Amino acid sequence: MHESVGLVMALLAGVFLGSVFFGGLWWTVRRGLSSKQPALWFFGSTLLRTAIVLAGFYLVSGGHWQRLVACLLGLVIARQLVIPITRVTEKSGYSRQGTRHAS
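Note that the coordinates shown come from a computational prediction; the quantities given were computed from them, not determined experimentally.

Engineer: Teacher, can you tell me more about the overall build of the chain here?
Structural biologist: Assigned secondary structure in the chain consists of 3 helices and 0 strands. Helices and strands appear in the chain in the N-to-C order α-α-α. Split into buried and exposed, the 103 residues of the chain put 21% on the buried side. Taking the contacts inside the chain whose residues are at least 6 apart along the sequence as the reference set, 68% of them involve residues at least 24 apart. Of the roughly 7600 Å² of accessible surface on the chain, 69% is carried by carbon and sulfur atoms.

Set out below in structure tokens:
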């Protein structure tokens, strides 16, 4: 019983970490496109977001591979939740004129 609670908590932590990672990516793209130094935004954001997620995975797993897998699954779930949210904003007219987006 206790292990299943730990797995659910790891899954929820993964969703949170994924939301931070992919939400931060979306925010960085919005800021970086209008910045005078976009490379600095993208490089710094990548380092910060990766460090946060890796530290979170390390803390959440607590040495248990099952929790690490649950946390990773939560990150994938968060990715699937963030994609439609960011597309709604893109369609609302934020995207820069002349910018091509990968599909």
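Picking up where we left off.
Engineer: Which parts of the structure should I look at to understand helix H2 (residues 38–61)?
Structural biologist: For an α-helix the count is 3.6 residues per turn, leaving residues at separations of three or four pointing the same way. A rise of 1.5 Å per residue sets the reference length of H2, with its 24 residues, at 34 Å; its end C-alpha atoms lie 34 Å apart and thus fit the reference within 8%. Those residues of H2 that sit buried are Ser45, Arg49, Val53, Gly56, Phe57 and Ser61. The first or second residue beyond H2 is Gly62, which carries a positive phi of 55°.

Engineer: I tried to follow the packing of aromatic side chains on my own but got confused; where do I start?
Structural biologist: Working definition: an aromatic ring pair is given by the centre-to-centre distance plus the angle between the planes. Counted by the stated rule, this structure contains 2 aromatic pairs. With 5.0 Å between their ring centres and 85° between their planes, Phe21 and Phe22 make a pair best called edge-to-face. Residue classification places Phe22 among the buried positions, given a relative accessible area of 17%. With a centroid separation of 5.4 Å and an interplanar angle of 70°, the aromatic rings of Trp27 and Trp41 are classed as edge-to-face. Of this pair, Trp27 sits in helix H1 (residues 2–33) while Trp41 sits in helix H2; the two residues are 14 residues apart in sequence, bridging distant segments of the chain. Sitting over the face of the ring of Phe21, Arg49 holds its NZ or CZ atom 4.5 Å from the ring centroid.

Engineer: Mind showing me how you'd approach the packing of H1 against H2 here?
Structural biologist: Working note: a packed helix pair is described by the angle between its axes plus the distance between those axes. Where H1 meets H2, the closest approach of the two axes is 9 Å, and the angle between their N-to-C directions is 175°. One way to sum up the angle between H1 and H2 is to call them roughly antiparallel. Contacts from Ala10, Ala13, Leu17, Val20, Phe21, Gly24, Leu25, Trp27, Thr28, Val29, Arg31 and Gly32 of H1 reach H2 at Pro38, Trp41, Phe42, Ser45, Arg49, Thr50, Ile52, Val53, Gly56, Phe57 and Val60. Tallied by class, the residues present in the contact of H1 with H2 amount to 15 nonpolar, 6 polar and 2 charged.

Engineer: So what exactly am I meant to see when it comes to the environment of Ala13 here?
Structural biologist: Tracing the backbone through its elements, the reader meets Ala13 in helix H1. Between the alpha carbons of Ala13 and Gly74 there is a distance of 7.0 Å; along the sequence they are 61 residues apart. Other than its neighbours up to four places away in sequence, Ala13 contacts Val60 and Cys71.

Basis of the calculations
Residues numbered from 1 in each chain as written. Predicted model: local features only at pLDDT ≥ 70, side-chain atom pairs only at ≥ 80, totals over all residues. Heavy atoms only, no water. Helix = DSSP H or I, 4+ residues; strand = E, 2+ residues; numbered from the N terminus. Buried < 20%, exposed > 50% of the residue type's maximum accessible area, 1.4 Å probe, protein only. Contact = heavy atoms within 4.5 Å. Areas by Shrake-Rupley, 256 points an atom, 1.4 Å probe, with all protein chains shown as cover. Expected span 1.5 Å × (residues − 1). Phe/Tyr/Trp six-rings, centres within 6.5 Å; stacked < 30°, edge-to-face > 60°. Lys NZ or Arg CZ within 6 Å of the ring centre and 35° of its normal. Axes fitted to C-alpha atoms, helices over the stretch in contact; angles between N-to-C directions. Parallel < 35°, antiparallel > 145°, perpendicular 65-115°, else oblique. Nonpolar A, V, L, I, M, F, W, Y, C, P; charged D, E, K, R; others polar.

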